[in-house]
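Here is how the chains run, residue by residue.
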Amino acid sequence: MASSSPLRQFLVSFLMPEKCYEEIFVNIHMHAQLSQLLKILWKGGAAGLSLTSALLQLYAFSCPVLYAAALNFPLFAWTERLVTLAQTAAIVFLILFHGGETLKGLLFLVAYAAVMLLLGSWLPAAVASWMQTSSPAALIASKALQARTNYCNEHTGQLSTLSVSLSCAGSLGVLFTSLQETGSLLSTLSHILSACLSCVLLVQVLSSSRGSRDATKRKSE
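For clarity, every value in this text was computed on a predicted model and none was experimentally measured.

Participant: Can you explain the side chain of S160? Please cite residues and give values.
Facilitator: Within the fold, S160 resides in the loop between α7 (125-153) and α8 (161-179). Polar side-chain contacts of S160 include one of 3.4 Å to the backbone nitrogen of L162. Beyond its immediate sequence surroundings of up to four residues, S160 is in contact with S35, Q36, K39 and V205.

Participant: Provide a residue-level description of a nonpolar patch on the surface, including the pertinent values.
Facilitator: A contiguous nonpolar patch, built from L34, L38 and L41 and spanning about 270 Å² of accessible area, is present on the exposed surface. Tracing the backbone through its elements, the reader meets L41 in helix α3 (residues 28-43).

Participant: I'd like a description of the packing of aromatic side chains, backed by residues and values.
Facilitator: Any aromatic ring pair is given by two values, namely how distant the centres are and how the planes are angled relative to each other. The tally for this structure, following the rule as stated, stands at 3 aromatic pairs. Where Y67 meets F73, the ring centres are 6.0 Å apart and the plane angle is 85 degrees; that geometry is what we call edge-to-face. Take Y67: its relative accessible area is 23%, and that puts it in the partly exposed class. Ring geometry for F93 and F97: centres 6.0 Å apart, planes at 25 degrees, overall stacked. Of the two residues, F93 and F97 both sit in helix α5 (residues 79-98), 4 residues apart, roughly one turn of that helix.

Participant: Could you give an account of unusual backbone geometry, naming the residues involved and the relevant values?
Facilitator: For residues other than glycine, phi is negative in most cases, and the peptide bonds are mostly trans. Its identity as a non-glycine residue notwithstanding, N72 has a phi of 60 degrees, on the positive side. For N72, the location among the structural elements is in the loop between α4 (51-70) and α5. Residue classification places N72 among the exposed residues on the basis of a relative accessible area of 66%. For E154, which is not glycine, the phi dihedral falls at a positive 65 degrees. Here E154 is to be found in the loop between α7 and α8.

Participant: Account for the layout of surface pockets, with residues named and values stated.
Facilitator: Approximately 230 Å³ is the volume attributed to the second largest pocket. Taken together, the elements giving at least two residues each to the lining of the second largest pocket come down to α4, α5 and α6 (102-122). Grouping the constituent residues of the lining of the second largest pocket by class yields 12 nonpolar, 2 polar and no charged.

Participant: Could you give an account of the packing of α4 against α6, with specific residues and numbers?
Facilitator: With their axes 10 Å apart at the nearest point, α4 and α6 run at an angle of 30 degrees to one another. The orientation of α4 relative to α6 falls into the category roughly parallel. The interaxial crossing formed by α4 with α6 has right-handed handedness. Contacts between α4 and α6 involve L55, L58, S62, V65, L66 and A69 on the former and, on the latter, F108, Y112, M116, L119 and G120. Looking at the contact of α4 with α6 residue by residue, the class counts come to 9 nonpolar, 2 polar and no charged.

Participant: Provide a residue-level description of α8, including the pertinent values.
Facilitator: The first and last C-alpha atoms of α8 sit 27 Å apart over 19 residues, in line with the 27 Å expected at 1.5 Å per residue. Three or more residues of α8 are buried, namely S163, V164, S167, C168, G170, S171, G173, L175, T177 and S178. At the N-terminal end of α8, a side-chain oxygen is found 3.4 Å from the backbone nitrogen of L162, two or three residues along, and the residue is S160.

The rules we used
- Residues numbered from 1 in each chain as written.
- Predicted model: local features only at pLDDT ≥ 70, side-chain atom pairs only at ≥ 80, totals over all residues.
- Heavy atoms only, no water.
- Helix = DSSP H or I, 4+ residues; strand = E, 2+ residues; numbered from the N terminus.
- Polar contact = N/O pair within 3.5 Å; in protein donor to acceptor, adjacent residues only side chain to side chain.
- Contact = heavy atoms within 4.5 Å.
- Patch = residues over 30% accessible without salt bridge, like charges linked within 9 Å, V, L, I, M, F, W, Y side chains within 5 Å.
- Areas by Shrake-Rupley, 256 points an atom, 1.4 Å probe, with all protein chains shown as cover.
- Salt bridge = Lys/Arg side-chain N within 4 Å of Asp/Glu carboxyl O.
- Phe/Tyr/Trp six-rings, centres within 6.5 Å; stacked < 30°, edge-to-face > 60°.
- Buried < 20%, exposed > 50% of the residue type's maximum accessible area, 1.4 Å probe, protein only.
- 1 Å grid on protein atoms, 1.4 Å probe; cavity = no way out; pocket = protein on both sides within 12 Å on 5 of 7 lines; lining within 4 Å.
- Points joined across faces, edges and corners; volume = space filled by probe spheres on them.
- Nonpolar A, V, L, I, M, F, W, Y, C, P; charged D, E, K, R; others polar.
- Axes fitted to C-alpha atoms, helices over the stretch in contact; angles between N-to-C directions.
- Parallel < 35°, antiparallel > 145°, perpendicular 65-115°, else oblique.
- Left-handed = near helix turned anticlockwise from the far one by under 90°.
- Expected span 1.5 Å × (residues − 1).

Structure follows, in structure tokens:
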């Protein structure tokens, strides 16, 4: 487990307090989703964001919450994951809203909340455990679909640079931590793939931002 990894022990002992470690390596998804949500609200649009990718993210972030509820973990232990989940659901709604499908977005939120309440109360622990295991694959697929969308559109639209940077940093941190541990080969390979896709997204968003600045500069000359 990450809590017993040599990397964690070294970082917490010599470089940073435990709370800082948790924020960087555990809660970074919450900050990444908040950054993306704020950009959509600030720009008033969700162009370039893949709905399928966002839905896969929502599934991936739902799994730990359902797993914690199924095993009766105390609420304070997974409150931050619940916040991340709410932010991701809001992003899905805004993608639909800015796509002219407000009613569909509202119905989705109601249906999603109902399903989560139902599963949170009745989901068997074995199923919750399987869902938790499948969440990394969903995140990998989410990143791959967004990268493909960026490639097809030839721009990254309203994809947040800060959000992608935080996600990339988190993926690299998890990968580095997993390499210090004696985990399964499949788990390590999934972390490598996730980190590679995060780097691809970061390159895409930085290239798109640079292209936009160059185009604006040419117009002003």
